[in-house]
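What follows is the residue order along each chain.
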Amino acid sequence: MSDKSIGIFDSGVGGTSIWKEIHQLLPNEHTIYLADSINAPYGTKGTKKITELSVKNTEFLLKKDCKLIVVACNTATTNAIDYLRKTFDVPFIGIEPAIKPAALNTKTNAVGILATKGTLSSALFSKTSGRFASNIKLIEREGTGIVELIESGKLRSDEMRTLLHQYLEPMLKAHIDYLVLGCTHYPYLIPILLELLPNHVKIIDSGEAVARQTKAILEKNNLLNTAKVNPKLEFYTNGSVEVMQSLLGNSLDIDYLKF
Ligand SMILES: N[C@@H](CCC(=O)O)C(=O)O
């Protein structure tokens, strides 16, 4: 049993989509979320820079005595998680695009994946796609510009619809029946994607799986918080508090903090 916090970080506000899944599954846990929005997007940076920023984020959360770190960013996971695990003595949970379930279930043998350049060009991604998707057509598109629009509060904008339309077009031409969201900012696009995609295309993201894995690792290490307390929910950002608030809503008792 441990009443320390779960630490969660992302290049910005996107990882709050993962935080929601974790909070829903583990409502007793104290959490500290770190949005490094000033350095977003990570997806256009190289592995060295992404690793450096991920180390800085981890150190921030460890100074706050977190018991486990969730890397709520596909780009940071695919580029830096090996290094983090080697460097810090704390359990890490990462997130990767959910290619496996899409590849196993596709009927058209064509799966679309939208992710950042940093994720799609990583060694971990090519290993995972080689392993699970070698027999299917994988239509990869870099979501250039999407993270920037979300970070600047332009989630529901004409610019966003234009970008998405452009990225989905080649996927629809290839008759995909699954679209994998390979960036934690993208679950916020689902309402718009549902309007743009035909009904038979299913959207998959990895949020729920990450929450289940977080629970399993806490259990395994005897770190679950079994006390019935009101959890402390702290959200640190070096960007806009308003954008973060707009994604999380007002119903939760959250402390928003600048750093
Ligand atoms: N949250 C994003 C990071 C995107 C970015 O900063 O480019 C991810 O999962 O990949």
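Residues numbered from 1 in each chain as written. Predicted model: local features only at pLDDT ≥ 70, side-chain atom pairs only at ≥ 80, totals over all residues. Heavy atoms only, no water.

Here we look at the overall build of the protein
Now for step 1: If you tally the helices and strands in the protein, you get 11 helices and 10 strands.
Now for step 2: Relative to its length of 259 residues, the protein is compact, with a C-alpha radius of gyration of 18 Å against a globular reference of 18 Å.
Now for step 3: On the principal axes, the C-alpha backbone points of the protein span a range of 50 × 35 × 35 Å.
Now for step 4: Put simply, 74% of the contacts in the protein that link residues at least 6 apart link residues at least 24 apart.
Now for step 5: Summed over all atoms, the accessible surface of the protein reaches about 12000 Å², with 49% contributed by carbon and sulfur.
Now for step 6: For the protein, the centre of its 29 positive side-chain charges and the centre of its 27 negative side-chain charges are spaced 5 Å apart. (Helix = DSSP H or I, 4+ residues; strand = E, 2+ residues; numbered from the N terminus. Rg over C-alpha atoms; globule rule 2.2 N^0.38 Å. Contact = heavy atoms within 4.5 Å. Areas by Shrake-Rupley, 256 points an atom, 1.4 Å probe, with all protein chains shown as cover. Lys, Arg positive; Asp, Glu negative; His and termini not counted. Charge placed at Lys NZ, Arg CZ, Asp CG, Glu CD.)

Description of the state of the cysteines
Now for step 1: Under the counting rule described, the total for this entry stands at zero disulfides.
Now for step 2: Residue Cys73 stays outside any disulfide, its sulfur separated by 6.7 Å from that of Cys183, the closest cysteine.
Now for step 3: The buried category is assigned to Cys183, whose relative accessible area is 7%. (Disulfide = S-S within 2.5 Å. Buried < 20%, exposed > 50% of the residue type's maximum accessible area, 1.4 Å probe, protein only.)

Observations regarding the sheet that holds strand 3 (residues 68–71)
Now for step 1: The strand order across the open sheet built from six strands is 4-3-1-2-9-10, with neighbouring strands paired in parallel fashion. Lying at the two open borders of the sheet, with one neighbouring strand each, are strand 4 (92–93) and strand 10 (254–258).
Now for step 2: Across the face of the sheet, helix 10 (residues 207–220) comes into contact with strand 1 (6–10), strand 3 and strand 4 while running at roughly 165° to strand 3.
Now for step 3: On top of the sheet, helix 11 (residues 241–248) reaches strand 2 (31–35), strand 9 (233–237) and strand 10; it is set at about 160° to strand 10, its chief contact. (Pairing = 2+ DSSP bridges. Axes fitted to C-alpha atoms, helices over the stretch in contact; angles between N-to-C directions.)

Side note on the packing of aromatic side chains
Now for step 1: Summed over all chains, the structure comprises six aromatic pairs.
Now for step 2: Pairing Trp19 with Phe235 gives two aromatic rings, centres 5.0 Å apart and planes at 75°, and the pair type is edge-to-face. A residue pair is termed long-range when its members are at least 10 positions apart, and Trp19 in helix 1 (residues 16–25) and Phe235 in strand 9 qualify at 216 residues. Considered together, Trp19 and Phe235 belong to a single accessibility category, that of buried residues.
Now for step 3: When the ring of Phe60 is compared with that of Tyr236, the centres are 5.2 Å apart and the planes differ by 75°; the resulting orientation is edge-to-face. Of the two residues, Phe60 is situated in helix 2 (residues 47–63) and Tyr236 in strand 9; the sequence distance between them amounts to 176 residues. The same class applies to Phe60 and to Tyr236, which are both buried.
Now for step 4: Site record: aromatic cluster; members linked through ring pairs are Trp19, Tyr33, Phe235 and Tyr256. (Phe/Tyr/Trp six-rings, centres within 6.5 Å; stacked < 30°, edge-to-face > 60°.)

Re the UniProt feature "active site" (unreviewed entry) in the protein
Now for step 1: Taken from the UniProt record, the annotation "active site" (unreviewed entry) applies to Cys73 and Cys183. The annotated residues occupy 111 residues of the chain but converge on a single region, no pair of C-alpha atoms lying more than 6.6 Å apart. For the largest cavity, the lining residues among the annotations just cited are Cys73 and Cys183.
Now for step 2: Among the secondary structure elements, Cys73 is positioned in the loop between strand 3 and helix 3 (74–87).
Now for step 3: Not counting residues up to four positions away in its chain, the partners in contact with Cys73 are Phe9, Asp10, Ser11, Tyr42, Ile95 and Thr184.
Now for step 4: Structurally, the position occupied by Cys183 is in the loop between strand 7 (178–182) and helix 9 (190–196). (UniProt positions renumbered as here; feature names shortened; annotations may be inferred. 1 Å grid on protein atoms, 1.4 Å probe; cavity = no way out; pocket = protein on both sides within 12 Å on 5 of 7 lines; lining within 4 Å.)

Some words on the environment of Asp3
Now for step 1: Note on placement: Asp3 falls in the segment before strand 1.
Now for step 2: Spatially, the C-alpha atoms of Asp3 and Lys86 are 25 Å apart, while their sequence positions differ by 83 residues.
Now for step 3: When neighbours within four sequence positions are excluded, Asp3 is seen to be in contact with His30 and Asn225.

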